[in-house]
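Architecture and fold: a report
Residues per chain, in single letters:
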Amino acid sequence: MAEHAARRCCLGWDFSTQQVKVVAVDAELNVFYEDSAHFDRDLLEFGTQGGVHVHEDGLTVTSPVLMWVRALDIILERMKASGFDFSQVLALSGAGQQHGSVYWKAGASQVLRSLSPDLPLHKQLQACFSISDSPVWMDSSTTDQCRQLEAAVGGAQALSCLTGSRAYERFTGNQIAKIYQQNPEAYSHTERISLVSSFAASLFLGSYSPIDCSDGSGMNLLQIKDKVWSRVCLAACAPHLEEKLGSPVPSCSVVGAISSYYVQRYGFPPGCQVVAFTGDNPASLAGMRLEEGDIAVSLGTSDTLFLWLQEPMPALEGHIFCNPIGSQHYMALLCFKNGSLMREKIRDESASCSWSEFSEALRSTEMGNGGNLGFYFDVMEITPEIIGRHRFSAENHKVPAFPRDVEIRALIEGQFMAKRIHAEGLGYRVMPKTKILATGGASHNRDILQVLADVFGAPVYVIDTANSACVGSAYRAFHGLAAGTDVPFSEVVKLAPPPRLAATPTPGASQVYEALLPRYAKLEQRILSQTQGPPERIPQAQAPLLTLPAQTH
């Protein structure tokens, strides 16, 4: 492909749950090449469904490590066959599905250092892993280990203050603890433990890549304020863990030059730099180019909030990570389970299955809905843990039903007020320069976005999030080349296409919702205190990635 020739570029990789993907981005930030290897379709020999194996207990979920290696081989061979000019690649970075872990067997580092350019990677790394099937983010088999970790540090809130999240079954520290307890021999034969992101970076480096602080925040092991491993958390999970993990590094770090294997086999330049890989959620934050004070809202099957934070306040809900593009800042992730399916149910019940009628109801009702507030959780909500439908009049009396138009506005206002309240609970504050970036199915509905702008008191923009983890990784590669923290990420990506303005706050909106938000928060607490609480621990699934709002990773 002649158009690939002589275009200086960076590569962005994404090792996600269902595929490995790559994009090439040129100096003007145009994506001019992309390819992927889909596990279920292109790697049938591994027998995965959705890229994973769900074990008989229904809780343990793993992926074969060599499948990821083989997928990388496939893509690189395709790129070579297409005429892609690897000599023009200045740097590369990437993303990995968060929380998954890879266990390198003693002696694997020597194999990585001495790769033969005559053979594909998967043939040379077959004996390099002490655990051949990596636990991934969908795994929820570590409830016992979660309890042990929280007990070791003084409780769930103490762990959240330290590491950014209470103990979650999918988080890597708890997965490592389970492997140490149930398979101590394999653990003792492990010389290095990588996240999926740092594992992928290691393949390109030909040596072990350090874990970056942003993805490392999803392990229940990293002290997010100090950006060092927590000794008490390490000791609670497994012995000798610090030496097996290596030291974490800032996400913008250049971790080394590409392995000579890629220079000789594919024609990469010896000076091609590898910038630390990070998690797919942090990489998406980079891909959407969030800045201080911004929020990204994915309005999909579940609704997900990404927040840029300066002063985080860790809580029992949500997650706080080190920010991948602002080394002194943080990002937060909040998931709300009752998203588009709840909106569709109320549409069917109150708007004759019609989105145009649904929108007309939002336009014909006043901001604040006459003081009527509603909570709509047909499945057990994550943020907060409530189930059921709860409606309140302007006098805070519980009522059995609302008129149809009032019902529709109560749903949408309630969903967005909940998002603002819980975001502020983690330390978020709307700023004069705040932008809200909306994505997912409901972001196509201007009337829903108008309510979002009104509740938050900030303009709403829509942005193309296709491949945001991949594109964000390429942007991060350029950022790493530009001396990392010395040059703001926003300066590096200023040529990227801007988001499109979709809604601005209605005059008077701030007064309406500033009065309603405290009421909504108090009523939420009232419902929580009156409803039967959930079991002590509910194994929780990962929040959906913003690139694929209706899917996960």
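Starting afresh in each chain, residues are numbered from 1 along the sequence in its written order. Where totals are concerned, whole chains, interfaces and linings use all residues; where local detail is concerned, this predicted model gives features only for residues with pLDDT of at least 70, and gives and counts side-chain atom pairs only at 80 or more. Based on all heavy atoms of the structure, the side-chain values leave hydrogens and waters out of the count.

**Details of helix H17 (residues 404-425)**
We count it as follows: Strands are runs of DSSP state E lasting at least 2 residues, helices are runs of H or I lasting at least 4, and numbering of each runs from the N terminus. One less than the residue count of a helix, multiplied by 1.5 Å, gives the span that helix is expected to have. With a 1.4 Å probe rolled over the protein chains alone, any residue whose accessible area is under 20% of its type maximum counts as buried; one over 50% counts as exposed, and the rest are partly exposed.
Taking 1.5 Å per residue as the helical rise, H17 with its 22 residues ought to reach 32 Å, and the 31 Å between its terminal C-alpha atoms agrees with that figure. Among the 22 residues of H17, 18 are classified as buried, and the element is accordingly described as predominantly covered. Two residues or fewer past H17, Gly427 is found with a positive phi of approximately 105°.

**Some points on unusual backbone geometry**
Omega for the peptide link from Thr383 to Pro384 comes to -5°, which places this bond in the cis form. Assignment of secondary structure puts Pro384 in the loop between strand S19 (373-377) and strand S20 (388-392). In this structure, Arg289 is a non-glycine residue whose phi angle is positive, near 60°. Classification of Arg289 as buried rests on a relative accessible area of 14%.

**Here we look at the nonpolar core**
The test is simple: Only buried residues count toward a nonpolar core, which is a set of Ala, Val, Leu, Ile, Met, Phe, Trp, Tyr and Cys residues joined through side-chain atoms within 4.5 Å. Either an automatic procedure or a domain database provided the assignment from which the domain bounds are taken. The contact criterion used is simple: two residues touch if any of their non-hydrogen atoms lie within 4.5 Å.
Among the nonpolar cores identified, the biggest contains 87 residues, and Ile176, Leu221, Leu241, Leu245, Leu307, Phe358 and Leu449 are the most heavily contacted of them. Here this core gets 10 residues from one element, more than from any other, and that element is H17. Each of domain 1 (9-276) and domain 2 (289-532) gives at least three residues to this core. Setting aside its immediate chain neighbours within four residues, Leu241 contacts Ile176, Tyr187, Ile193, Leu221 and Leu234. Ranked by size, the runner-up nonpolar core spans 54 residues in total, among them Ile74, Val89, Leu125 and Ala201.

**Quick notes on the UniProt feature "domain: Carbohydrate kinase FGGY N-terminal" (unreviewed entry) in the protein chain**
Worth spelling out the cut-off: UniProt positions are given in the numbering used here, feature names are shortened, and annotations may be inferred rather than shown by experiment.
Per the UniProt record, "domain: Carbohydrate kinase FGGY N-terminal" (unreviewed entry) is found at residues 136-287. For the annotated span residues 136-287, helix accounts for 50% and strand for 12% of the residues, and the straight-line distance between the end C-alpha atoms is 23 Å.

**Structural notes on the domain arrangement of the protein chain**
As a reminder of what qualifies: When two parts are put together, the accessible area they lose, computed with a 1.4 Å probe and summed over both, is reported as buried area. Basic side-chain nitrogens of Lys or Arg form a salt bridge, by our definition, when they fall within 4 Å of a carboxyl oxygen of Asp or Glu. Each polar contact in these results corresponds to two N or O atoms within 3.5 Å; when the atoms are within protein, one needs to be able to donate a hydrogen and the other to accept it, and residues that are neighboring in sequence are counted only if both atoms are side-chain atoms. Any residue that is not Ala, Val, Leu, Ile, Met, Phe, Trp, Tyr, Cys, Pro, Asp, Glu, Lys or Arg is counted as polar, Gly included; the first ten are nonpolar and the last four charged.
Per the domain assignment, the segments making up the protein chain are domain 1 (9-276) and domain 2 (289-532). Taken together, the contact between domain 1 and domain 2 spans 48 residues of the former and 35 residues of the latter. Carbon and sulfur atoms make up 64% of the surface buried where domain 1 meets domain 2, a total of about 3,100 Å² over both sides. Joining domain 1 to domain 2, the criterion identifies 0 salt bridges. Applying the counting rule to domain 1 against domain 2 returns 16 residue pairs in polar contact (both at pLDDT 80 or more). Taken together, the elements giving at least two residues each to the side of domain 1 that touches domain 2 come down to strand S1 (9-15), strand S2 (19-26), strand S3 (31-38), strand S6 (89-96), helix H6 (156-163), helix H10 (213-216) and strand S13 (273-275). Class assignment for the residues of the side of domain 1 that touches domain 2 results in 25 nonpolar, 14 polar and 9 charged.

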